[in-house]
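The primary structure of each chain is shown beneath.
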Amino acid sequence: MEFSTPAGPNPIDTGRVVTKPVDRIDGPLKVSGRATYAYEYHDEFPNAAYGFVLGSAIPKGYIEAIDAREAEAMPGVLLVLTHNNTPKQNGSGQHNSPQLQGPGIKQAEQAIALVVAESFEQARAAARAIRVRYARAKTGHYDLAAVKDASRPVPKSPDSKVGEFDRAFADAPVKLDVTYTTPDQSHAMMEPHASVARWDGDKLTVYTANQMIHWAVDGISGTLGIPASKVRVQSAFVGGGFGSKLFLYADPILAAVAAKRLGRPVKVALTRPQIFNHTNHRPATIQHIRIGAAPDGKIVAIGHDAFSGNQEGGEAEEAANQTKLLYGGENRLIRTRLSELNLPKGGAMRAPGEAVGLLALECAMDELAEKTGIDPVELRIRNDIQYDPAKGPDRPFSSRKLVECMRVGAERFGWNRRDPKPASVRDGRWLVGMGVASGIRDNLVMPSGARVSVDREGVLTIETQMTDIGTGSYTILGQVGAEMMGLPIEKVRVRLGDSDFPKSSGSGGSWGANSASAGVYAACEGLRDEIAKKAGFNSRDVTFADGHVSAAGRSRSLAEIAGQDGVAFTGEVKFGKLDDTYAQASFAAHFCEVAVDWATAEIRVRRLLSVCAAGRIINPKTSRNQCFGGMTMGVGAALMEEQVVDGRFGYFVNHDLAEYQVPVHADIPDLDVVFLDEIDDKSSWIKAKGVGELGICGVGAAVANAVYNATGIRIRDYPLTLDKLLPGLPEMPRQS
Ligand code: MOS
């Protein structure tokens, strides 16, 4: 079914199961250790051998010589793959990930060998015995600031120009011209990248930690040069992804190559330190923001230039994109620029673009509020716009409740207790401040299919390639199926993450819940028709409730209609062009209170509130949980997260969870999330929008603005670590 006109009333509106805080249906499996992750499968991969990836010690250059003889002779070693004995692979497909294809080195921790042994420890020990002679390139670029001036426009992100920015900015009564920087960041998800592969004749089975099953099938089959129909991928449970598991790295490819060579299953997991340099990361940005405003705070000119770097052929971090839509202003100039770097490859990390774009834009708005003497909440309300500023009123937002988010949040948070004068609120040795920021996240949609069936017990089974990366997909898809078929959630089974099921949106970019739910909706529509037909009813006026289908006073149970053979339907949603007609995004207002230690500059987040408008909330419990995760990452981005580049060797030095700092429980206070009532009939039949990444969009800026309000120190270089605050802290009053 194509979704190309706004949704009318439909069974989802009933809200019997959808919109309820249903517990995770996979919760019991998770807490009892029966939710199996890729590396943990044993029975399905009998006698599996263990592979260990050896990564490159240099960032750029080539391998002059690699000698594996000593490694090959070590106990338990079955195979050493290097570029000298690995079959040719294909690198041309978008999701392909060729490994060990030659002596050239493009980044630190690029796979240069795979050792396979009877045990993991034997493989690891032997990898250390491989002798490598490198020819390290004398030149390499590892610092964005140094290559920024050699940046180029990005065809995928053309410049957005409205009105005459230069003139309007020059003439503006109030001008702000600031540059913010954000560092490289790592996903630091809990489950490492891991795969296990097995061949049955010419058929390859790979269980792997991955967000996108059909991309994985494309990438594995494309890289190995075998038909996609011969590749089965499974990823039933994923321990976090955040964009790091959208694509393929060494583990699935080398596991498959080694399994073929050995004629037995092979497991490969990346170690935690390898992940930080071998897989993707969120690239650092330099963001130049210029805002011209009238004395009443109304923006007349807004400019945002976002610079980032990547390897040749890599993509830009599109940190200026949200500035096209978040606020009004008749003169606009928004540009994305990309430079070439030889760091590990940059890529998508939770809310790519907005997550770091808002760290800059929303602090700049705080600076504008101070310059104009207007309350930061009021400033944002004054600059709200209900249509795409580049297209005009002909392209309104499908739904946009930023102003309501601000008002509700200000009220609940006690914003009126904020003292606008920085460094004026004290609580013992603490300087206390409050900050606010807007959140916006593009609402993306992707085609998605599902197979649904009812058996003779009246149980509905939903099967789709959709993944659950910790987000709650099992539960919400079950809710949608239950709602559509008039069943309680207990009568629904959900099976995910298997390429044998219909293709789905997968999990990424916050498109999963809405898109995959719409796919289940489409399949259930078909199933309802089938059942009505079998029941002998006219399918137009039947109702599904309490396990029965009814029409004109007659009622039959689904179990009875399904009978011995059951009844099934496979359906799919495709999305038309509604997003040309309507700008679509979810919105939030984030409020933060921090305390900064007068002597040490230690920053403690005391309270955090996010008020979100993201269309229909399918499950307030899992959505809230997603927002908590995003908010926690927002605190990390503001205060801790930074991959430190070794400028000599071109790699990230802090490559484990001891040194790459993310918030722990003790860093996160009372979090609160409020969802506004919102139904977006232009988004899908579910009328929901993406919510997973909304929590990270803007939170970090709210934290930084609170730090400014507490201390009067504006740091424009993330993260806000105490060394940057200490020199500017106000004098501590003498003890009397
Ligand atoms: Mo998300 S960064 O698309 O997994």
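Treat the numbers as computed from the prediction; the structure is a model and nothing was measured.

**A few points about the overall build of the protein**
Secondary structure summary: the protein contains 18 helices and 31 strands in total. For 736 residues, the compact-globule formula gives about 27 Å, and the C-alpha radius of gyration of the protein, at 27 Å, lands near that figure. Dimensions along the principal axes, computed over C-alpha positions, put the protein at roughly 80 × 75 × 55 Å. Within the protein, the fraction of its 736 residues that count as buried is 62%. Partitioning the intrachain contacts of the protein with sequence separation of at least 6 by distance along the chain shows that 81% fall at a separation of at least 24. Measuring between centres, the 83 positive side-chain charges of the protein sit 1 Å from its 87 negative side-chain charges.

**Things to note about the environment of M190**
Residue position: M190 is located in the loop between β10 (174-182) and β11 (194-200). Owing to a relative accessible area of 73%, M190 belongs among the exposed residues under this scheme. Residues M190 and G240 lie 50 residues apart in sequence; the distance between their C-alpha atoms is 6.1 Å. With sequence-adjacent residues up to four places away left out, M190 is seen in contact with G239 and R272.

**Re the pattern of salt bridges**
Scanning the model with the defined rule gives 47 salt bridges in all. Here R429 makes a salt bridge to D597, at a shortest N to O gap of 1.9 Å. Taken together, the positions of R429 in the loop between β18 (426-427) and β19 (430-442) and D597 in strand β27 (residues 585-597) put the pair 168 residues apart, joining distant regions of the chain. The buried category is assigned to D597, whose relative accessible area is 2%. The partner of E560 in a salt bridge is R556, and the shortest N-O contact between them spans 2.9 Å. Assessed through its relative accessible area of 24%, R556 is described here as partly exposed. Because the salt bridges share partners, they merge into one network encompassing D13, R616 and K687.

**Details of unusual backbone geometry**
P719 follows Y718 through a cis peptide bond whose omega is -5°. With respect to the helices and strands, the residue P719 is situated in the loop between α17 (699-711) and α18 (722-725). The phi angle at L100 is positive, at roughly 55°, despite the residue not being glycine. Position of L100 among the secondary structure elements: in the loop between β4 (77-81) and β5 (104-105). Even without glycine at this site, K687 takes up a positive phi of about 65°. Summarising the element assignment, K687 is placed in the loop between β31 (670-675) and α17.

**Here's the deal with the packing of helix α16 (residues 620-639) against α17**
Running from N to C, α16 and α17 point in directions that differ by 50°, and their axes come no closer than 7 Å. Considering their axes alone, α16 and α17 lie oblique with respect to each other. Seen from above, α16 lies across α17 with right-handed handedness. Where α16 abuts α17, its residues M631, G634, V635, A638 and L639 lie against V699, G700 and V703. Here the residues of the contact of α16 with α17 sort into 6 nonpolar, 2 polar and no charged.

**Observations concerning the domain arrangement of the protein**
Here the protein is described as being made up of domain 1 (2-35 + 445-579) and domain 2 (396-442 + 584-728). Each of domain 1 and domain 2 has a C-alpha centre, and these two points are 34 Å apart. With 36 residues of domain 1 at the contact, the number on the domain 2 side is 23 residues. Note on domain 1 versus domain 2: buried area summed over both sides is about 2300 Å², and carbon and sulfur give 59% of it.

**Concerning the layout of surface pockets**
The space that makes up the second largest pocket amounts to roughly 340 Å³. If you list the elements that add at least two residues to the lining of the second largest pocket, you get α4 (144-147), β10 and β15 (285-293). Considered class by class, the residues forming the lining of the second largest pocket number 12 nonpolar, 6 polar and 5 charged.

**Details of the nonpolar core**
Counting residues in hydrophobic clusters, the biggest one holds 97 residues, and the most contacted among them are I291, F591, V594, L639 and V703. If you tally residues by element for this core, the top one is helix α9 (residues 354-372), at 11 residues. The residues contacting F591, other than those within four sequence positions of it, are V377, C405, M406, G409, A410, F413, W415, G435, V436, R607, L608 and L609. If you look at the next biggest cluster of nonpolar residues, it comprises 61 residues, including A236, I489, F544 and F575.

**What about the pairing of strand β3 (residues 61-67)?**
Where a strand is regular, its side chains alternate between the two sheet faces. Where β3 and β5 come together, 2 bridges link them in antiparallel fashion. Across the sheet, the residue bridging to Y62 is G104, located in β5. Taken together, the 6 bridges between β3 and strand β7 (residues 131-136) define a ladder with antiparallel strand orientation. Bridging across to β7, I63 finds its partner in Y134.

About the cut-offs
Residues numbered from 1 in each chain as written. Predicted model: local features only at pLDDT ≥ 70, side-chain atom pairs only at ≥ 80, totals over all residues. Heavy atoms only, no water. Helix = DSSP H or I, 4+ residues; strand = E, 2+ residues; numbered from the N terminus. Rg over C-alpha atoms; globule rule 2.2 N^0.38 Å. Buried < 20%, exposed > 50% of the residue type's maximum accessible area, 1.4 Å probe, protein only. Contact = heavy atoms within 4.5 Å. Lys, Arg positive; Asp, Glu negative; His and termini not counted. Charge placed at Lys NZ, Arg CZ, Asp CG, Glu CD. Salt bridge = Lys/Arg side-chain N within 4 Å of Asp/Glu carboxyl O. Axes fitted to C-alpha atoms, helices over the stretch in contact; angles between N-to-C directions. Parallel < 35°, antiparallel > 145°, perpendicular 65-115°, else oblique. Left-handed = near helix turned anticlockwise from the far one by under 90°. Nonpolar A, V, L, I, M, F, W, Y, C, P; charged D, E, K, R; others polar. Domains from an automatic or database assignment. Buried area = accessible area lost by both parts, 1.4 Å probe. 1 Å grid on protein atoms, 1.4 Å probe; cavity = no way out; pocket = protein on both sides within 12 Å on 5 of 7 lines; lining within 4 Å. Points joined across faces, edges and corners; volume = space filled by probe spheres on them. Core = buried A, V, L, I, M, F, W, Y, C linked by side-chain atoms within 4.5 Å. Pairing = 2+ DSSP bridges.

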